Amino acid sequence: MQNKSAIKIFTFLFIAVCVYHLSFTWVVSKVENEAKELSNGDALVEANYLDSMKTEAVYPLLGYTYGECKTKEINLGLDLKGGMNVTLEVSVIDILKALSNNSADATFNTALNDATELQKQSNQDYIVLFQQAFEKIDAGAKLASPSIFGTREMQGRIKYESTNDEVIDILQHEVDAAINRSFLVLRTRIDKFGVSQPNIQRLGTSGRIQIELPGVKDPERVRKLLQGTAELEFWETYSNQEIYPFLAKANQELVNINTADGVLDSTATVEVEDSVITEEVVVDLLDVSDSTEIDSSDSGLSLIDEIEEGENVSDDKSLSSAESEKQNPLFFRLYPSITQNEQGQQVLASGPAVGTSLIKDTAKVNAMLSQPRVKALFPPRMKFLWSVKPIDEAGRTLRLFAIKVADREGKAPLGGDVIKNARQQYSQNSASSEIRMVMTPEGAKIWKRLTADNVNSSIAIVLDNYVYSAPNVLGEIPNGISSITGDFTLQEADDLANVLEAGKLPAPAKVVEEAIVGPSLGKKAIRDGLSSFVIALLVVLVYMIFYYGKAGLVANVALFANIFFLLGVLSSVTAVLTLAGIAGIVLTIGMSVDANVLIYERIREELTAGKGIHLAVSDGYSKAYSSIIDANVTTLLTGVILYIFGSGPIQGFAFTLIVGIMTSLFAAIFISRMIFTWMLETNKEITFSTKLTEGLFKNVNFSFIGKRKMFYALSSVVIILGVGSFITRNFDYGVDFSGGRSYVVKFENNVESENVSAALKGDLESAPQVKTFGSDDQMKITTKYLINSVDLDVENQVKAKLEAGLQTLGNGYEILSSQKVGPTIADDIKEKAVWSISFSLIIIFLYIYFRFGFEWRLGLGALIAIFHDVLVVLSCFSLLHGIMPFTMEIDQAFIAAILTVVGYSINDTVVVFDRIREYLEIHRKKPLAELIDSALNDTLSRTFNTSITIFVVLLAIFLFGGEVIKGFSFALLIGVVVGTYSSLCIATPAYFELSKSKS
């Protein structure tokens, strides 16, 4: 083996990197196990313990905290952990209406309606469809008309002479910006959920945003927070000096409440040292004709280190934490906003920030300040709000602001709807960033009064009840044009500008797809997934030793190395491991032996030819490389297509498969080769068979070409029956393809699906589809009731109707999971399914065409076999749905199975074609039929071994992997059998038929 030293060094480094990344999962698991032991089953105690450990160093060797380790561990998906997955779609039509000031123009509104209808049959951008519809209604109409987009708010960007194309470009920019702002707002809201490892991402340019929240227990709260329009508000504030006396009284009152033996002396006074402003105001008031500047710099806290260490304000540092908290319950959690004067004395800091608290303590501070007796001490209608982001680098502390509520109805003096535009720019006086904010004329009037009343005071910029900035007003701003300055980074300034813009347009986001998995179902999924993994692994290990002897042991070492490398890579990219991902790992176990099988079969052939062990091993590896590369590249291409066109768990499966193919190649080719080299150099005995398997498949001489017509007839019968079944019975489409809502419900006692359907018929307006899901006490209920409703409360309405019907059965129940797919999402999924299968076929054909010397007959033969496999699997699902004791739905998982079957089928076919190509070069004068039969018989051992290992692995997934992926694994089982059959009995005979006519 060439470059042994380089390969050894790379292997060592690869192992070290995998160990490093997997160590975080081990550390997190250790901490969470400790939490379970300490809590004795109390979920609240366990959660509080883990929350307290977030900022504690639990990885001493590298200095990482639990929170940091948590972000680096292998993530578990919703189907394993429970939680909620939501896809939101930002309403482009509402953005356009807002940009036009809700224009009443007939052409404009008709075009909006027409574009909405066109989008149902088209994949084009909504803005493009809107322009087409607008110009079709009235070719001479101008979008820049004052009655449409030529409004005062759009002045400077849209002129009366602007062409429709120019206006469309501006509208596209505005829509993209609005979606980006929605993304920013949603990301900020998600950060406040307290969910570990949330995930949010934009889905291409579709205007859709996908959010995954593991462990969420209140889906309704999630829906409200995610779908609510962003509330941007400008509030007046109290100063720290004004509020501190009240905080001191609150602290004492909490002592009285806790001890329950004293009453606050209403005559008591709190001595407060005169505050001293220790920081110079950097920016002077700019009273210029076009803009005025307000300062956003906040006074720093000099005692932040003490806050991070949980110190309290008591002068007695020797007091224990418990005693300190008893004496100062509020100030133990909320550190007052103080600084030092020139004499080194602690004095109250200027500004509206009244205190700082560790994030983990904010809930306790809120609870203390909301107690009626404490709340009564503060000015009427005053409220406290936290800063949106931590103020320290470690991300552990937040500031608390005192907000002045002057309006009796509790409304802010100014709302975000008055923002005309906000942009990040560089300060004229320095290289720092600032935000230029322009208000509408109506907003400018209120802003003028508000700033005049608050000169040298702060105004808080609040979004969704979190303070983003609290700039100090340096003077009256008469024209609504302001510059907010401060110690902003470029990113911070851009984020604040986006926040201000977020209040400008109502861009509501509606839920178009949703999945909720209960924690109990997630735990069962983990057990099922691990069971299938262990059983499949054991079967493969035993089989390899049984068939290949000591060489089988080497293959098993390579297999363990492959699993280790695969998990290491998944951990390094913080991939989300779903149940489909576990299926991908289990399938990788089966497929990873394929490379070893190819190598071993070649070595056995060389040994049979009389070569010595050293030369046989060397030549076996050399001759197997071509087949290994071709077989795995075609499967890899299928995985890539699946990843590009899939979403959610399907992407997880595809990513796992892609990584698994690459790591298995490395393990099989390099790890096993290094072991064999060591064994040969140390004169260790190597065997590539056992007494039971030594002569298997050696003298087989089956005429595949001679019996091809029998194979054609057999396949035709199955496909014709499938087509007939499709015409008469169709498929059992899942909600992924049909749209609707589905619920998995577990009952206390066994139920009949007909009884459940009848009980729900009245409440859901029509009988839902009800199918047994696993055991007889578990049902999957699918309905289209209110699926087109845009009401924000529609999920609660449907669930209430569902529960009302279920209660009439008199049988206790639990909703384990739910899924919603809107009609537009269902259409997109179907379109992606067609494209993914079509692209995979085209790419595979092109690869074989170029790889096999522009021999199109081989490529076409492979495509015929793939079409055959897909049709047979579809036929089986049409024929057997409703007959088999599990769901056989056509959904995203089924498409993943089809593409995996395509990958496996081409994998097997390419190995056979590779041997045919080799024989064509060696035996040029041999009859083609005889040559093909020889190639098929010579590769029969490899075909059998690969197929049987993968089949056994899939059987383990099918039997022990759980109900959720039973249909998926059944499709793969059929696919492996059919794929093996087609590579031998369809692909090569098809190539033979095409080659007979070659002139």
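Residues numbered from 1 in each chain as written. Predicted model: local features only at pLDDT ≥ 70, side-chain atom pairs only at ≥ 80, totals over all residues. Heavy atoms only, no water.

All right, on to the pairing of strand 27 (residues 813-821) then. Of the strand pairs in this sheet, strand 21 (residues 509-517) and strand 27 are connected by 5 bridges, and their pairing is antiparallel. Across the sheet, the residue bridging to Ile516 is Ser818, located in strand 27. Of the strand pairs in this sheet, strand 24 (residues 740-747) and strand 27 are connected by 8 bridges, and their pairing is antiparallel. By the bridge assignment, Gly740 is partnered in strand 27 with Val821. (Pairing = 2+ DSSP bridges. Helix = DSSP H or I, 4+ residues; strand = E, 2+ residues; numbered from the N terminus.)

Under the counting rule described, the total for this entry stands at 37 aromatic pairs. Between the aromatic rings of Phe10 and Phe666, the centroid separation amounts to 5.5 Å while the plane-to-plane angle is 70°, which identifies the pairing as edge-to-face. One end of the pair, Phe10, is in helix 1 (residues 4-39); the other, Phe666, is in helix 22 (residues 649-681), with 656 residues separating them in the sequence. Classification of Phe666 by relative accessible area gives buried; the value is 10%. Taking the centre distance of 6.2 Å and the plane angle of 15° together, the rings of Phe845 and Tyr849 count as stacked. Placement of the pair is Phe845 and Tyr849 together in helix 27 (residues 823-851), with a separation of 4 residues, close to one helical turn. The class of Phe845 is partly exposed, set by a relative accessible area of 23%. According to the relative accessible area criterion, Tyr849 is partly exposed, its value standing at 24%. Ring pairs connect the aromatic residues Tyr543, Phe546, Tyr547, Tyr548, Tyr600, Tyr621, Tyr625, Phe676 and Phe688, which therefore count as one cluster. Over the aromatic face of Tyr238 sits the side chain of Lys404, whose NZ or CZ is 5.1 Å from the ring centroid. (Phe/Tyr/Trp six-rings, centres within 6.5 Å; stacked < 30°, edge-to-face > 60°. Buried < 20%, exposed > 50% of the residue type's maximum accessible area, 1.4 Å probe, protein only. Lys NZ or Arg CZ within 6 Å of the ring centre and 35° of its normal.)

This part covers a negative patch on the surface. The grouping of Glu135, Glu161, Asp165, Glu166 and Asp169 at the surface amounts to a negative patch. Per-element accounting of the negative patch gives the leading share, 3 residues, to helix 8 (residues 164-191). Of note, Glu161 is situated in the loop between helix 7 (126-137) and helix 8. For Glu161, a relative accessible area of 57% corresponds to the exposed category. (Patch = residues over 30% accessible without salt bridge, like charges linked within 9 Å, V, L, I, M, F, W, Y side chains within 5 Å. Areas by Shrake-Rupley, 256 points an atom, 1.4 Å probe, with all protein chains shown as cover. Salt bridge = Lys/Arg side-chain N within 4 Å of Asp/Glu carboxyl O. Lys, Arg positive; Asp, Glu negative; His and termini not counted. Charge placed at Lys NZ, Arg CZ, Asp CG, Glu CD.)

Counting 119 residues, the largest nonpolar core has Tyr600, Phe676 and Phe877 as its most contacted members. The contacts of Tyr600, once residues within four sequence positions are left out, are Met544, Tyr548, Ala551, Gly552, Val554, Ala555, Phe676 and Phe688. Core analysis: the next-biggest nonpolar cluster, separate from the first, contains 45 residues, Leu112, Phe149, Val216 and Leu226 among them. (Core = buried A, V, L, I, M, F, W, Y, C linked by side-chain atoms within 4.5 Å. Contact = heavy atoms within 4.5 Å.)

Another point: the packing of helix 29 (residues 892-922) against helix 30 (residues 928-938). The interhelical angle for the contact between helix 29 and helix 30, taken along N-to-C directions, is 130°, at an axis separation of 9 Å. Our classification of the angle between helix 29 and helix 30 gives oblique. Of the two elements, helix 29 crosses helix 30, and the hand of that crossing is right-handed. Here Val912, Arg915, Ile916, Tyr919 and Leu920 of helix 29 lie close against helix 30, whose contacting residues are Leu928, Leu931, Ile932, Ser934, Ala935, Leu936 and Asp938. By residue class, the composition of the contact of helix 29 with helix 30 is 9 nonpolar, 1 polar and 2 charged. (Axes fitted to C-alpha atoms, helices over the stretch in contact; angles between N-to-C directions. Parallel < 35°, antiparallel > 145°, perpendicular 65-115°, else oblique. Left-handed = near helix turned anticlockwise from the far one by under 90°. Nonpolar A, V, L, I, M, F, W, Y, C, P; charged D, E, K, R; others polar.)

Okay, helix 30 next. Within the sequence span of helix 30, burial applies to Leu931, Ile932, Asp933, Ser934, Ala935, Leu936 and Asn937. Along its buried surface, helix 30 packs onto helix 29, helix 31 (940-960) and helix 32 (966-996).

Turning next to the packing of helix 5 (residues 92-99) against helix 6 (residues 106-119). The interhelical angle for the contact between helix 5 and helix 6, taken along N-to-C directions, is 170°, at an axis separation of 11 Å. As summarised for this structure, helix 5 and helix 6 are arranged roughly antiparallel, according to the angle between their axes. Of the residues in helix 6, those in contact with Ile93, Leu96 and Lys97 of helix 5 are Phe108, Leu112 and Thr116. Looking at the contact of helix 5 with helix 6 residue by residue, the classes come out as 4 nonpolar, 1 polar and 1 charged.

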